[in-house]
Amino acid sequence: MDNLKALFDFTKLPAKFFFLFSVLSGFILFADNKLLQKIHLEKLNDSYGWIIGLVFITASGLVVVNFIIWSFKKISYKISFDKVQKEYIEKLRNLDLYEKAVLREFFINQKSSIEAPLDDATITGLIRKNVLIINRQFGNSFIMSGMDASVSINKYAEKHLTTKDIDLPESSEPTKEEIDFVKSTRPLWTQKG
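Rules used throughout
Residues numbered from 1 in each chain as written. Predicted model: local features only at pLDDT ≥ 70, side-chain atom pairs only at ≥ 80, totals over all residues. Heavy atoms only, no water. Helix = DSSP H or I, 4+ residues; strand = E, 2+ residues; numbered from the N terminus. Buried < 20%, exposed > 50% of the residue type's maximum accessible area, 1.4 Å probe, protein only. Contact = heavy atoms within 4.5 Å. Areas by Shrake-Rupley, 256 points an atom, 1.4 Å probe, with all protein chains shown as cover. Arc of directions from axis to C-beta. Polar contact = N/O pair within 3.5 Å; in protein donor to acceptor, adjacent residues only side chain to side chain.

Novice: How should the overall build of the protein be read in this particular structure?
Specialist: What the protein contains, in helices and strands, is eight helices and four strands. Moving toward the C terminus, one meets the helices and strands of the protein in the order α-α-α-α-α-β-α-β-β-β-α-α. Within the protein, the proportion of its 193 residues that are buried is 26%. If you take every contact in the protein between residues at least 6 apart in sequence, the share linking residues at least 24 apart comes to 62%. Of the accessible surface of the protein, which amounts to about 14200 Å², a share of 62% is contributed by carbon and sulfur atoms.

Here you go:
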């Protein structure tokens, strides 16, 4: 009984299958008789025309329904993606002082990755927020030196992060006050070495 039920479970068939039946049955129904004679299908339309018509209507209806469902999923995904993207950018605009200090280290050292302690609450928070990522050296593993690991700014965050977001001077020549501020707010773990 289950095998028979599985045979008629149309929800598991791909939309391409219905599209194929829609095109083939539509071709047989609407093609010119001379063309049907050339491919020896003229009697098929005469004998089974009502079945072919039923297949055409059913398959075409299922193609339209599948297209509508696909469209709604795409629109829903786009709305959700835009919402998540907007929330992520909002997180970047509202970093706390400690998070800004960590992200400034990439600019201060002029490196795309730095060694940072994974037991630091700020580093852990930035990893959890998906602003920082742990660099993977070998497949899915990463190398640690004590509790330090190589971290980088997420590519998407890097794309949207501005110097203003991390309280860095926007001018090419920072003032003494700006330099002193950046130096005085560096994370404690940068002063180890």
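Novice: Any chance you could explain helix 6 (residues 121–128) here in plain terms?
Specialist: Along an α-helix, residues three or four apart share an orientation, since each turn contains 3.6 residues. Listing the buried residues of helix 6 in full gives Thr 122, Ile 123, Gly 125 and Leu 126. All buried residues of helix 6 project into a common sector of 160° when viewed along the axis, lining one side. Among the exposed residues of helix 6, those pointing more than 90 degrees away from its buried face are Ala 121 and Arg 128. On the buried face of helix 6, the contacting elements are helix 5 (97–109), strand 1 (113–117) and strand 2 (132–134). One side-chain oxygen of the residue at the start of helix 6 lies 3.1 Å from the amide nitrogen of Thr 122, identifying that residue as Asp 120.

Novice: It is not clear to me how the side chain of Glu 105 should be interpreted in this structure. Could you clarify?
Specialist: Looking at where Glu 105 falls in the secondary structure, it is placed in helix 5. A relative accessible area of 2% means that Glu 105 is categorised as buried. When neighbours within four sequence positions are excluded, Glu 105 is seen to be in contact with Ile 114, Arg 186, Pro 187, Trp 189 and Thr 190.

So yeah, pure geometry; function would need other evidence.
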